[in-house]
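# Understanding the architecture of this molecule
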Amino acid sequence: MDNEKQASTSSNAFSFISKSWREVRDSADADFQLMKNRANSFKNLASSFDRELENFLNSASTFSVPANKSSSPGEIDFVKKLQPKISEFRRVYSAPEISKRVLEKWGPRARIRIDLSAIRNAIVSGVDEEGGGIIEFDRGKRGRVGFREFWGEREGEGQFGQWEPIRALKTRLRELERKRELSVEEIFGGFKSSDFVEKVKSSWKAICKEPQESKDVPPLDPTELLAHLVRQSGPILDQLGVRRDICDKIVENLCSKRKEQLLLRSIAGGECAVLENDNINDELDLRIASVLQSTGHHYEGGFWTYFGKDDLSDKKRHVAIVTTASLPWMTGTAVNPLFRAAYLSKTARQNVTLLVPWLCKSDQELVYPSNVTFSSPEEQENYIRNWLEERIGFKAEFKISFYPGKFSKERRSIIPAGDTSQFIPSKDADIAILEEPEHLNWYHHGKRWTDKFNHVVGVVHTNYLEYIKREKNGALQAFLVKHINNWVTRAYCHKVLRLSAATQDLPKSVICNVHGVNPKFLKIGDKVTADRELGQQAFSKGAYFLGKMVWAKGYRELIDLLAKHKKDLDGFNLDVFGNGEDAHEVQSMAKRLDLNLNFQKGRDHADDSLHGYKVFINPSVSDVLCTATAEALAMGKFVVCADHPSNEFFRSFPNCLTYKTSEDFVAKVKEALAKEPRPLTPEQRHRLSWEAATQRFIEYSDLNRILNNEEDNAKSSRTNGRIIKKSVSVPSLTEVVDGGLAFAHYCLTGNEFLRLCTGAIPGTRDYDKQHCKDLRLLPPQVENPIYGW
């Protein structure tokens, strides 16, 4: 019975030891897992271990354990001697320095290891003092604890080798031994091969990469730098009055002496010649681009560049046509943009929106003829579409939108109110065509067109300088307007089309007639040709003149010519059709000079009453491209006009008779009255059509390249299989200057006092309440809130 009790007591004691070690292990695992948030976890571990040991000693003392083979007093004494060593271990690992060192040394994902050397030394010293105990340690390898006698090296050995708790503890300790032997390379090997590290390496190499081919491309010499500086300074020199051709000659002279060197320097290591274009500007661009690319430089955009534009390369393109007038006002900026929208939408390659001004009822009464007014934009849109479909013969699929406008009596023009660009949604802001870009942007206070749209084309309709010179202090006003026009077109357009050389030389401009005639006039001409072939008389009347009755439309020149050669043109009668602000003065002067002028109300040029006239006389030198002249030629009539840049496009037509002097005018009038006009050939007829005008517009405005997504290809040059992008490699001073001009213009047009000083209509910086009501707009304060204290 005593032996059974003794064995039971011994078994309970070692069971308690096993349980205590298991609790220590679990506690350690949990504490080390929360190392990041609990810096004093070792203190809790040591305290727990010490408390369990004290419980073990107290429980051991309550039993009466006689000495026998299984349990001896030496074992209990060994445990008592171990208590001071454990307490010392607890104090050491509870010190604050240990927690700090642990936090510095171990990361949140570090391997957890317990250094059991202190316990091992305590146990060894305790066994040595007793002179031979039951526990013996193998010290054959430094830092490794081997258990032979007590634990058993293999399963089944040792005194307690078959005991399940001992086997579990032994497996755990062996795992700790193996983890301790891991080298630094084994621990961090997986981390070194991770994708994150590889990405960091590649990014660092990209940042620190050496310049490509820097040894093959020599740097720019002073001559090349000076030529590039002069060329990039063109915008500033142009504003100072230095002509563009002078800058081109300077650049050409600087580069002509170096042309052979430029060709040689662009050859890398005996490769084929880089430059195949004889244009010196292209050669200089490629030279600079190659040098910048060799240094690893990549230019992403100008200082003022806006990067919020949508990339619509994979979508259907959208064209927004913005004009300064609308039907029923029969003016060129109302009619021609309408036809342009119809024929651009006919191809179905792009969506088209026509943006026209909306006038309040009071302004409509001042502008629209025959007291025609509209109560809503939808009513005016129906009028515009009906008028168009009667003349083009097909249904045009395009959208018509309205923006707020006000009529200026002094300028006899419609001035936009507010930011016109906001009436084109951002999702449709792709290509913008500004009809009269200077007029639209004189007082424009809003987003920059070239920032919102990918490509902006301006079409110049009117020779404003010629009109202004006729006013009081006209020379000074014309000087100021000339530079303002240069300013706004440069800041807000990528390309400018001038209908003729009669307009001022604007930046980024080319000359091309992109207007056609109403198809109805071509049909009238076909009918005239058919009647003549049948032997019928096509024209039964003499000469006429048609145009808005204002002095600037050629009425002064007409009266002067007829008054000077009144005797030479004895018996010559001229019918005049037109309405306008100067109608009373024109008629009074003609009556006072006793001229044979028959004044009648204005009417459509296609009216049946005008078909019988044979000669159209147009002495105007203020027009940019007279639409009435093109319509008269399309109807098969003679046209007598001045030898002026505005009529350059018409000179190739045999029925166009130009004069240089007043005597020559008389001769051309008599010639036209005496002869019969020639029928139009198919080629001449096509040149006058809107189909041909649309083709010319797409070509000269770069829309053909833009719509075919060839812009990036055009801005790059291939050199020996290597593409050098000029536009993204060479920072352009032009972009910086244009952006600065746009910003300055925005600041100036935001000041109401400055707007009024330059002739703006009061209150046109934003649209008014009536516009909000008519167009169903939010008030400007809600649409563009101003946040402040």
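The structure reproduced in this document is the subject of the present report. (Residues numbered from 1 in each chain as written. Predicted model: local features only at pLDDT ≥ 70, side-chain atom pairs only at ≥ 80, totals over all residues. Heavy atoms only, no water.)

Of the regular secondary structure elements, the protein chain holds 34 helices and 18 strands. Sorting the 789 residues of the protein chain into buried and exposed places 45% on the buried side. In the protein chain, the proportion of contacts linking residues at least 24 apart, taken out of those at least 6 apart, comes to 70%. Split by element, the accessible area of the protein chain, about 42300 Å² in all, is 52% carbon and sulfur. (Helix = DSSP H or I, 4+ residues; strand = E, 2+ residues; numbered from the N terminus. Buried < 20%, exposed > 50% of the residue type's maximum accessible area, 1.4 Å probe, protein only. Contact = heavy atoms within 4.5 Å. Areas by Shrake-Rupley, 256 points an atom, 1.4 Å probe, with all protein chains shown as cover.)

It is worth spelling out the sheet that holds strand 6 (residues 413–416) at this point. Here we have 8 strands laid out as an open sheet, ordered 6-5-4-3-7-8-9-10, and mixed in their pairing. Every other strand in the sheet has two partners, leaving strand 6 and strand 10 (509–511) as the edge strands with one partner each. Across the sheet, the axes of successive neighbouring strands diverge by a mean angle of 30 degrees, strand direction being ignored. Of the strand pairs in this sheet, strand 8 (residues 455–460) and strand 9 (residues 495–498) are connected by 4 bridges, and their pairing is parallel. Its bridge partner being in strand 9, valine 459 is matched across the sheet by leucine 497. (Pairing = 2+ DSSP bridges. Axes fitted to C-alpha atoms, helices over the stretch in contact; angles between N-to-C directions.)

Turning to the pattern of salt bridges, a few remarks are in order. All told, the structure shown has 26 salt bridges when counted by the stated rule. With a closest N to O distance of 3.4 Å, aspartate 582 and arginine 412 form a salt bridge. Of this pair, aspartate 582 sits in the loop between strand 12 (574–577) and helix 23 (583–592) while arginine 412 sits in the loop between strand 5 (399–408) and strand 6, and the two are 170 residues apart along the sequence. Its salt-bridge partner being lysine 614, residue glutamate 676 comes within 3.9 Å of it at the nearest N-O pair. Remark: lysine 614 occurs in strand 14 (residues 613–618) and glutamate 676 occurs in the loop between helix 25 (662–674) and helix 26 (682–688); sequence separation between them is 62 residues. Residue classification places glutamate 676 among the partly exposed residues on the basis of a relative accessible area of 46%. (Salt bridge = Lys/Arg side-chain N within 4 Å of Asp/Glu carboxyl O.)

What follows concerns unusual backbone geometry. Each neighbour pair has its own omega, and for leucine 327 with proline 328 the value is 10 degrees, a cis peptide bond. Position of proline 328 relative to the elements: it lies in the loop between strand 3 (317–322) and helix 14 (332–346). For glutamate 436, which is not glycine, the phi dihedral falls at a positive 65 degrees. Relative to the helices and strands, glutamate 436 is located in the loop between strand 7 (431–435) and helix 17 (437–441).

Our next topic: the packing of helix 20 (residues 474–492) against helix 31 (residues 733–749). Remark: helix 20 packs on helix 31, axes separated minimally by 8 Å, with the N-to-C direction vectors making an angle of 115 degrees. Between helix 20 and helix 31 lies a crossing whose hand is left-handed. Between helix 20 and helix 31, the contacting residues are Trp487, Val488, Arg490, Ala491 and Tyr492 on the first element and Thr734, Asp738, Leu741, Ala742, Ala744, His745 and Leu748 on the second. Classifying every residue of the contact of helix 20 with helix 31 by side-chain character gives 8 nonpolar, 2 polar and 2 charged. (Left-handed = near helix turned anticlockwise from the far one by under 90°. Nonpolar A, V, L, I, M, F, W, Y, C, P; charged D, E, K, R; others polar.)

Leu388, Phe398, Leu562, Leu574, Ile617, Phe665 and Phe697 are the most contacted members of the largest nonpolar core, which totals 104 residues. The greatest single-element share of this core, amounting to 8 residues, is contributed by helix 14. Among all residues touching phenylalanine 665, those that are not within four sequence positions of it are Leu561, Leu562, Leu569, Ile617, Val640 and Tyr659. Counting residues in hydrophobic clusters, the runner-up holds 26 residues, among them Ala417, Ala432, Val456 and Leu506. (Core = buried A, V, L, I, M, F, W, Y, C linked by side-chain atoms within 4.5 Å.)

Within the structure shown, the criterion is met by 19 aromatic pairs. Relative to tyrosine 613, the ring of phenylalanine 577 has its centre 6.1 Å away and its plane inclined at 80 degrees; by these criteria the two rings are edge-to-face. Separated by 36 residues along the polypeptide, phenylalanine 577 in strand 12 and tyrosine 613 in strand 14 bring together distant segments of the chain. We note that phenylalanine 577, like tyrosine 613, is buried. Connected via pairs of aromatic rings, a cluster forms that spans Tyr544, Phe545, Tyr555, Phe577, Tyr613 and Phe616. Its end group placed over the ring of phenylalanine 697, arginine 340 keeps NZ or CZ at 5.0 Å from the ring centre. Just above the ring of tryptophan 551 sits the side chain of arginine 556; from NZ or CZ to the centre is 4.4 Å. (Phe/Tyr/Trp six-rings, centres within 6.5 Å; stacked < 30°, edge-to-face > 60°. Lys NZ or Arg CZ within 6 Å of the ring centre and 35° of its normal.)

Along the polypeptide, threonine 462 turns up in the loop between strand 8 and helix 19 (464–469). Given the relative accessible area of 16%, threonine 462 is considered buried. In this structure the side chain of threonine 462 is engaged in a polar contact, spanning 2.3 Å, whose partner is the side chain of glutamate 436. (Polar contact = N/O pair within 3.5 Å; in protein donor to acceptor, adjacent residues only side chain to side chain.)

Its place among the elements puts glutamine 684 in helix 26. On the accessibility criterion, glutamine 684 (13% relative accessible area) is buried. As for glutamine 684 and alanine 634, which are separated by 50 residues in sequence, their C-alpha atoms are 9.0 Å apart. Residue contacts for glutamine 684: discarding those within four places in its chain leaves Phe653, Pro654 and Pro679.

It is worth spelling out the side chain of asparagine 518 at this point. Examined against the element boundaries, asparagine 518 turns out to sit in the loop between strand 10 and helix 21 (519–533). The class for asparagine 518 is buried, based on a relative accessible area of 6%. Once residues lying within four places of it in the same chain are set aside, the contact partners of asparagine 518 are Phe339, Arg391 and Trp690.

The relative placement of two packed helices comes down to the angle between their axes together with the axis-to-axis distance. Across the interface, helix 14 lies against helix 27 (residues 690–700) with an axial gap of 10 Å and an inter-helix angle of 80 degrees. Classified by the angle their axes make, helix 14 and helix 27 are roughly perpendicular. Contacts between helix 14 and helix 27 pair Asn336, Phe339, Arg340, Tyr343, Leu344 and Lys346 from the former with Trp690, Glu691, Thr694, Phe697 and Ile698 from the latter. Taken together, the residues of the contact of helix 14 with helix 27 break down into 6 nonpolar, 2 polar and 3 charged. (Parallel < 35°, antiparallel > 145°, perpendicular 65-115°, else oblique.)

Of all 5 residues making up strand 7, 5 are buried, and the element is well covered by its neighbours. As paired elements, strand 3 and strand 7 share 4 bridges and run parallel to each other. Bridge pairing in strand 7 places alanine 320 opposite alanine 432. Pairing of strand 7 with strand 8 involves 5 bridges; the strand directions are parallel.

Our focus in this paragraph is a nonpolar patch on the surface. A contiguous nonpolar patch, built from Leu476, Phe479, Leu480 and Ile484 and spanning about 390 Å² of accessible area, is present on the exposed surface. Residue isoleucine 484 is classed as partly exposed on the basis of its relative accessible area, which comes to 33%. (Patch = residues over 30% accessible without salt bridge, like charges linked within 9 Å, V, L, I, M, F, W, Y side chains within 5 Å.)

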